[in-house]
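Summary of structural features
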Amino acid sequence: LVNRLGRAAVGLPPDAPRDDLSCQRLADLVDESLPALVAGNGDLTPLITALDALIARRDEVVCFATRGQAELIGEHEQNEAASANARHWLGQVIARIREPVVAHFLETYWVRVMQRACLVEGVGGKSWTESDNVVKHLLWSVLPKNTAEERQKLTSLIPALIRQINAGLDELEVSVEERKPFLNTFFELQTKALYGKPDDATTSIPRSGAQPSPAPSATAAPPARALILGSVGRQVRYWGDPSAAASPPSRGPTFAPGDWLSFRGPDDDSARCGMICWQSGTSGTLLLANPAWNDAIALSPRIVELQLQDGTASIASDERLFDIAAMRVLGQLENERSEA
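What counts and how
Residues numbered from 1 in each chain as written. Predicted model: local features only at pLDDT ≥ 70, side-chain atom pairs only at ≥ 80, totals over all residues. Heavy atoms only, no water. Buried < 20%, exposed > 50% of the residue type's maximum accessible area, 1.4 Å probe, protein only. Helix = DSSP H or I, 4+ residues; strand = E, 2+ residues; numbered from the N terminus. Pairing = 2+ DSSP bridges. Contact = heavy atoms within 4.5 Å. Axes fitted to C-alpha atoms, helices over the stretch in contact; angles between N-to-C directions. Left-handed = near helix turned anticlockwise from the far one by under 90°. Nonpolar A, V, L, I, M, F, W, Y, C, P; charged D, E, K, R; others polar. Patch = residues over 30% accessible without salt bridge, like charges linked within 9 Å, V, L, I, M, F, W, Y side chains within 5 Å. Areas by Shrake-Rupley, 256 points an atom, 1.4 Å probe, with all protein chains shown as cover. Salt bridge = Lys/Arg side-chain N within 4 Å of Asp/Glu carboxyl O. Phe/Tyr/Trp six-rings, centres within 6.5 Å; stacked < 30°, edge-to-face > 60°.

**Considering the pairing of strand S2 (residues 236–239)**
With burial as the criterion, each face of S2 is covered, one bearing Val236 and Tyr238 and the other bearing Arg237 and Trp239. In this sheet, S2 lies alongside strand S1 (residues 227–229) in antiparallel orientation, the contact comprising three bridges. Paired with Ile228 across the bridge in S2 is Arg237. Remark: six residues form the turn of the hairpin made by S1 and S2, two consecutive strands paired antiparallel; Gly230 in that turn has positive phi of roughly 85°. Sheet topology places S2 next to strand S6 (residues 296–299); four bridges connect them, and they run parallel. Paired with Trp239 across the two strands is Leu299, which belongs to S6.

Put into structure tokens, the structure is as follows:
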């Protein structure tokens, strides 16, 4: 009975008033238990069943209230992962580019096309492959053509290539006026290439300043300051790592949705206690909530794992209040005996 009471109170503020609904219900159940406890042989089963129902209902309410925040985290991490993949692609491609205008076009526009393609079907999907092929054809189209066969292939390629470029820019809602200058430049480069002439303005190093980027890291540290997702009433303080791959903790206590976790946020001065309401299946990011908070919190599982290992965090819902109280009493008795 004591352990169930402790579990039902997990996450309540230390200064929760007695007229709080949860506190009221707990107080009522304690009062209802007194006759059975005084009798010594009373049946506590109905009270324990009621406590279990109270615990399940409270957890369900907390979890239900975070559905919107879970969607926010999922959307954010999908966009971040797609952006990282697109930047990685850009870094690999741009190292081979000699024409500054092409490099600028890829950095400013086509990297966003690749990001959208990644969101649609992922890296290697149909949209990604088609968008990547557009760039490969574009790069080939501005190289000097020294044979009749190459010139014929270029002549046949250009109309389809322009349609594909325009289709990608249409998705980005780039205006006709904005795209006209670099499309005209592409045409000039392709005309020179058709006659086997290199462009006089080309350089061996792109002027864009872009450098090949490393592949997205699975061990990148979460940001030092929380990223705020959403708007008032459904905000999430985000300390996740969208590029990480979900995996179970390597050592120490395990955790899962439904657990109440005592922990410290990266910028918290004191411990807080929240329920793990959701976990990303891709990055492992945990969504924690408590009705007493103004917003939910998203944490990288690595943060939680490290805190569990060093004792900063604990699975509060696994703690047994009776055992804790008994150990304290035994400790006090031992101290009194030693002093005597």
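**Observations regarding helix H9 (residues 301–310)**
The set of residues buried in H9 consists of Pro301, Ile303, Val304, Glu305, Gln307 and Leu308. Buried positions along H9 lie against S2, strand S3 (260–263), strand S4 (272–279), strand S5 (286–289), S6 and strand S7 (314–315). Downstream of H9 by one or two residues, Gly311 has phi in the positive range, about 85°.

**Remarks on the environment of Ala117**
Structurally, Ala117 is set in helix H5 (residues 100–121). Overall, the relative accessible area of 4% leaves Ala117 in the buried class. For Ala117, the contacting residues outside a window of four places in its chain are Gly122, Ser127, Trp128 and Ser131.

**Remarks on the packing of H5 against helix H8 (residues 176–194)**
Where H5 meets H8, the closest approach of the two axes is 10 Å, and the angle between their N-to-C directions is 145°. Our pair here, H5 against H8, has a crossing hand that is left-handed. Contact with H5, carried on its side by Val101, Val102, Phe105 and Tyr109, involves Glu178, Phe182, Thr185, Phe186 and Leu189 of H8 and no other residues of that element. Of the residues contributing to the contact of H5 with H8, the split by class is seven nonpolar, one polar and one charged.

**Examining the environment of Gly265**
One can find Gly265 in the loop between S3 and S4. When the C-alpha atoms of Gly265 and Arg237 are compared, they prove to be 9.5 Å apart, with 28 residues separating the residues in sequence.

**Quick notes on the pairing of S5**
Side chains Leu286 and Leu288 of S5 all project onto a buried face; the interleaved residues Leu287 and Ala289 project onto the opposite face, where all are buried too. Pairing of S4 with S5 involves four bridges; the strand directions are antiparallel. Residue pairing for S5: Met275 is matched across the bridge by Ala289. Between the antiparallel neighbours S4 and S5 lie six residues, among them Gly284 with a positive phi of about 80°. Here three bridges tie S5 to S6, and the two strands are oriented antiparallel to one another. The residue bridging Leu288 from the neighbouring strand is Ile297, located in S6. What sits between S5 and S6 in their antiparallel hairpin is a turn of six residues.

**Let's talk about a nonpolar patch on the surface**
On the surface, Met327, Val329, Leu330 and Leu333 cluster together into a nonpolar patch covering about 400 Å² of accessible area. What makes Val329 partly exposed here is its relative accessible area of 43%.

**Points about the packing of aromatic side chains**
Inspection of the entire model under this criterion finds seven aromatic pairs. Between Phe105 and Phe182, the ring centres sit 5.0 Å apart and the planes meet at 45°, which makes this aromatic pair tilted. Separated by 77 residues along the polypeptide, Phe105 in helix H5 and Phe182 in helix H8 bring together distant segments of the chain. We note that Phe105, like Phe182, is buried. Measuring from ring centre to ring centre gives 6.2 Å for Phe263 and Trp293, while their planes differ by 75°; the resulting arrangement is edge-to-face. Pair noted here: Phe263 is in strand S3 and Trp293 is in the loop between S5 and S6, with a separation of 30 residues, a long-range link.

**Some thoughts on the sheet that holds S3**
Strand order across the open sheet formed by seven strands is S1-S2-S6-S5-S4-S3-S7, with mixed pairing between neighbours. The two strands at the open ends of the sheet, each matched to only one other strand, are S1 and S7. Along the sheet face, helix H3 (residues 45–64) touches S3, S4 and S5 and points at about 70° away from the line of S4.

**Some thoughts on the environment of Val101**
With respect to the element layout, Val101 can be found in helix H5. C-alpha of Val101 to C-alpha of Pro181: the two residues are 80 residues apart in sequence and 9.8 Å apart in space. Other than its neighbours up to four places away in sequence, Val101 contacts Phe182, Thr185, Phe186 and Leu189.

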